[in-house]
Amino acid sequence: MPQMNVVIVGAGIAGLALAAALRRSGVDVVVYEQAPRLFEVGAGVQLAPNATRLLHRLGLAEQLRTVAVLPQTIEMRRWNDGELLRRTPLGESCRDRFGAPYYTLHRADLHACLLGLSPPEQIRLNARCIGVTQTADSAQLRFADAASVKADLVVGADGIRSVVRKHLAVDTPRYSGQTIYRGLVPADRVPHLVAEPAVRLWLGPDQHCVCYPVSSGQQVSFGATVPAVDWREESWTARGTVGDLASRYQGWHPDVTRLIGAVDVVSRWALHDRESLDRLSHGRVVLIGDAAHPMLPFQAQGANQAIEDAAVLARCLEAASRDGLPAALRRYEQIRLPRTSRIQAESRAGAGTLHLADGTAQRLRDVAAGTSSGLDRHQWLFEYDAEGAVTAPAVAVEDRTSGRS
Ligand SMILES: Cc1cc2nc3c(=O)[nH]c(=O)nc-3n(C[C@H](O)[C@H](O)[C@H](O)COP(=O)(O)OP(=O)(O)OC[C@H]3O[C@@H](n4cnc5c(N)ncnc54)[C@H](O)[C@@H]3O)c2cc1C
C-alpha cells in the first residue's frame, strides 16, 4: 500500500494526540475541527501513568512537568466530618512504580501541549463534518459548508455526540441522572487545599466533590456532582450558578463549602455515556476517544483512554503498508475494545459506590476503602503500556471487515 492519507474529525485530546502520533510515524494527516478557534474551557484533568508515558514518548515530558502538578496522594474523605477513608500514595512512589507520573493539569494546558506537536496547516478550523460515506477505495467526509474531502482512512475523534459514529452504530448517549458543576479557584483563596498537592474527594449521599491543583499550582480545579433528573444540557460552557451549587452542598465539611464559596464562576455539565460497541471500525472509518467509548468521569480515565487509543491506532497503522488496512484496524479493535469496555463499565458502576447513602452499605464501603489504600488497586490500569500491547502477540479474531453498512 502506498503512503496512506488520514483525515481526523475533531481536534480534541483524542484527535490531536492521534495527529501527533501519526506525524511521528510519517503518515500524512489533516484534522478537521468544527470550532472557529481552538480552545479548552476552564476545567482540570487528571492524567495517570498509562497516558503520561505515551505523552512523554511524543516529546512532552518537559512541557508537562512545567504546567502540571504532581499530587502526592489521593485522599478520600467523608462528606460531613471529613474523616479520612483512604489515602493512596502518588507523587514519587507512583512515578517510581510505573515509570511515569500521575499529573493534574488544566485542560487548556494539555490541549496546548498536544496542539504544539502539529503544524498549523494540519488543522482546519470551521469545518463541521455532517456525514461520512465510503467505497472500497476511499472514504469521503462531507462538511456543513458543502465542501468534501477524500481520504484512505477517516478517524472519528468528534466526541460523545460523534457524527462519524453514526456510520458504525445506531445509538444515543445515555443520561446518568447526574450533573457536575466545575470551577477553578485561585490557589491563594484556598490555602488549606494547596499546602500539600493532592487529589481530594469527599463522598456523601447521592453526590461527591473532587478537587486538585492545576496550572503549576496556581489554581484549584473542582468537580461537584449532584443528582438531577431533568437537566440534560451537555456543554463545557453552560453556566450554573454558584448559589445553586452552594445550596446543594449545605452541611458538607467546611473544606468543601469554603472551596465552593471561593469560586466566581461555575460551568454545569450533564453526565452521559454510551453502551460499549462491539467494533470500533467499519471499512475505512474508525473511532477513537469519546466518539468510540464515552465514559462517566468517575475513574478519571476518558482522556487517558483517548491518548491510549491514539498511540495504539498510530502503531497499528504503521503495519498497514505490510498487512493491509483491514488487518491494522482489526488489530486496533482487538487491543482497545476489552480495555475500554471494562473501564466504561467500571466508571458507570463508580457512581453507585461513591454516592452511597449513610448506612450499612456505606460503612462497609468505608471499611473496605481503609484496607486497600496502596497503589495495587490501580496496577492493571496504570502499568499498561498501550504501545507495548501492539507488539505483543496477536490473538486470532474473527474477520469482521465485511457485511456492515
Ligand atoms: C466532568 C468531567 C471530568 C473529566 N475528568 C477527566 C479526568 O480527570 N481524566 C480523564 O482522563 N478524563 C476525564 N474526563 C473525560 C475527558 O474529558 C474526555 O474523555 C475527553 O475530553 C475526550 O476527548 P475527545 O477528544 O475524544 O473528545 P472531545 O474533547 O469531546 O473533543 C471532540 C472534538 O471534536 C469536535 N467536533 C465534534 N463534532 C464535530 C464535527 N461534526 N465536525 C468537526 N469537529 C467536531 C469538537 O468541537 C471537539 O473539539 C472528564 C469528563 C468530564 C465530563
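## Here's the deal with the overall build of the protein chain
Thought 1: Scanning the protein chain from terminus to terminus reveals 12 helices and 19 strands.
Thought 2: Taken over C-alpha atoms, the radius of gyration comes to 21 Å for the protein chain, in line with the 22 Å a tight globule of 405 residues would show.
Thought 3: With the principal axes as the frame, the protein chain shows a C-alpha extent of 65 × 45 × 40 Å.
Thought 4: Taking as baseline every contact in the protein chain between residues at least 6 positions apart, the subset at least 24 positions apart corresponds to 77%.
Thought 5: Accessible surface computed for the protein chain: about 16500 Å², of which carbon and sulfur atoms make up 51%.
Thought 6: The centroid of the 45 positive side-chain charges in the protein chain is displaced by 1 Å from the centroid of its 43 negative side-chain charges.

## Some words on the nonpolar core
Thought 1: Ile 8 and Leu 141 are the most contacted members of the largest nonpolar core, which totals 81 residues.
Thought 2: The biggest single contributor to this core is helix α7 (residues 302–318), with 10 residues.
Thought 3: Other than its neighbours up to four places away in sequence, Leu 141 contacts Val 7, Val 9, Tyr 32, Cys 129, Gly 131, Val 132, Ala 147, Ser 148, Val 149 and Val 154.

## A look at the sheet that holds strand β8 (residues 129–134)
Thought 1: In spatial order, the strands read β8-β9-β10; together these 3 strands make up an open sheet with antiparallel pairing. Every other strand in the sheet has two partners, leaving β8 and β10 (148–151) as the edge strands with one partner each. On average, each strand axis in the sheet is tilted by 20° relative to the strand beside it, whichever way the strands run.

## As for the pairing of strand β2 (residues 28–32)
Thought 1: Of all 5 residues in β2, 4 are buried; the element is thus mostly enclosed.
Thought 2: Here strand β1 (residues 5–9) pairs with β2 via 5 bridges, running parallel. Following the sheet pairing, Val 9 is matched in β2 by Tyr 32.
Thought 3: Regarding topology, helix α1 (residues 13–24) serves as the crossover connection from β1 to the parallel β2, and that connection is right-handed.
Thought 4: The pairing of β2 with strand β7 (residues 123–124) spans 2 bridges and is parallel. Residue pairing across strands places Tyr 32 opposite Arg 124, the latter belonging to β7.

## As for the packing of aromatic side chains
Thought 1: Under the defined criterion, the tally for this structure stands at 5 aromatic pairs.
Thought 2: Above the face of the Tyr 384 ring, Arg 339 is positioned so that its terminal group lies 3.7 Å from the ring centre.
Thought 3: Lying over the aromatic face of Trp 380, Arg 342 brings its terminal NZ or CZ to 3.5 Å of the ring centre.

## Some remarks on the site of the ligand
Thought 1: The full set close to the ligand counts 32 residues, and Glu 33, Arg 107, Asp 290, Ala 303 and Asn 304 are the nearest of them.
Thought 2: Ala 14 places a main-chain nitrogen or oxygen 2.9 Å from an oxygen atom of the ligand.
Thought 3: At 2.8 Å, a side-chain N or O of Asn 304 approaches an oxygen atom of the ligand.
Thought 4: Burial of the ligand by the surrounding chains reaches 88%, relative to a free accessible area of 1000 Å².
Thought 5: Of all the elements in the fold, those that place two or more residues in the shell around the ligand are α1, β3 (44–47), β12 (174–186), β17 (266–273) and α7.
Thought 6: The element that contributes the greatest number of residues to the shell around the ligand is α7, accounting for 3 residues.
Thought 7: Grouping the amino acids of the shell around the ligand by side-chain chemistry returns 17 nonpolar, 9 polar and 6 charged.

## Let's talk about the sheet that holds β2
Thought 1: Strand order in the open sheet made by the 6 strands is β7-β2-β1-β11-β19-β18, with mixed pairing throughout. Each of the sheet's edge strands pairs with one partner strand only, and the pair in question is β7 and β18 (281–282).

## Observations regarding the pattern of salt bridges
Thought 1: Within this structure, the stated rule accounts for 24 salt bridges.
Thought 2: Close ionic contact of Glu 92 with Arg 95 constitutes a salt bridge, the shortest N to O distance being 2.9 Å. Within this pair, Glu 92 and its partner Arg 95 are both found in helix α3 (residues 91–98), separated by 3 residues, close to a single helical turn.
Thought 3: Residue classification places Glu 92 among the partly exposed positions, given a relative accessible area of 41%.
Thought 4: The partly exposed category is assigned to Arg 95, whose relative accessible area is 24%.
Thought 5: Put simply, Arg 339 and Glu 308 hold a salt bridge, and the shortest N to O gap is 2.8 Å. Of this pair, Arg 339 sits in helix α9 (residues 325–354) while Glu 308 sits in helix α7, placing them 31 residues apart in sequence.
Thought 6: With a relative accessible area of 0%, Glu 308 lands in the buried category.
Thought 7: Residues joined by salt bridges that share partners form a network here, namely Arg 24, Arg 57, Arg 315, Glu 318, Asp 385 and Glu 387.

## Topic: the side chain of Arg 200
Thought 1: Within the secondary structure, Arg 200 sits in strand β13 (residues 198–204).
Thought 2: Residue classification places Arg 200 among the buried positions, given a relative accessible area of 9%.
Thought 3: A polar contact is formed between the side chain of Arg 200 and the backbone oxygen of Glu 196, at a distance of 3.1 Å.
Thought 4: Those residues in contact with Arg 200, other than ones at most four positions away along the chain, are Glu 75, Leu 193, Cys 209, Val 210 and Cys 211.

## Side note on α7
Thought 1: If you check α7, its first and last C-alpha atoms are 25 Å apart, about what 17 residues at 1.5 Å a residue would give, namely 24 Å.
Thought 2: Of all 17 residues making up α7, 15 are buried, and the element is well covered by its neighbours.

## Observations regarding unusual backbone geometry
Only a minority of non-glycine residues have a phi that is not negative, and only a minority of peptide bonds are not trans.
Thought 1: If you check the backbone angles, Asp 206 has positive phi at about 70° while not being a glycine.
Thought 2: Mapped onto the fold, Asp 206 is located in the loop between β13 and β14 (207–214).
Thought 3: Despite not being glycine, Ser 216 shows a phi value in the positive range, around 45°.
Thought 4: Following the sequence through the fold, Ser 216 ends up in the loop between β14 and β15 (219–227).
Thought 5: Take Ser 216: its relative accessible area is 43%, and that puts it in the partly exposed class.

Conventions used here
Residues numbered from 1 in each chain as written. Predicted model: local features only at pLDDT ≥ 70, side-chain atom pairs only at ≥ 80, totals over all residues. Heavy atoms only, no water. Helix = DSSP H or I, 4+ residues; strand = E, 2+ residues; numbered from the N terminus. Rg over C-alpha atoms; globule rule 2.2 N^0.38 Å. Contact = heavy atoms within 4.5 Å. Areas by Shrake-Rupley, 256 points an atom, 1.4 Å probe, with all protein chains shown as cover. Lys, Arg positive; Asp, Glu negative; His and termini not counted. Charge placed at Lys NZ, Arg CZ, Asp CG, Glu CD. Core = buried A, V, L, I, M, F, W, Y, C linked by side-chain atoms within 4.5 Å. Buried < 20%, exposed > 50% of the residue type's maximum accessible area, 1.4 Å probe, protein only. Pairing = 2+ DSSP bridges. Axes fitted to C-alpha atoms, helices over the stretch in contact; angles between N-to-C directions. Right-handed = clockwise from strand over helix to strand, strands pointing away. Phe/Tyr/Trp six-rings, centres within 6.5 Å; stacked < 30°, edge-to-face > 60°. Lys NZ or Arg CZ within 6 Å of the ring centre and 35° of its normal. Near = heavy atom within 4 Å. Polar contact = N/O pair within 3.5 Å; in protein donor to acceptor, adjacent residues only side chain to side chain. Nonpolar A, V, L, I, M, F, W, Y, C, P; charged D, E, K, R; others polar. Salt bridge = Lys/Arg side-chain N within 4 Å of Asp/Glu carboxyl O. Expected span 1.5 Å × (residues − 1).

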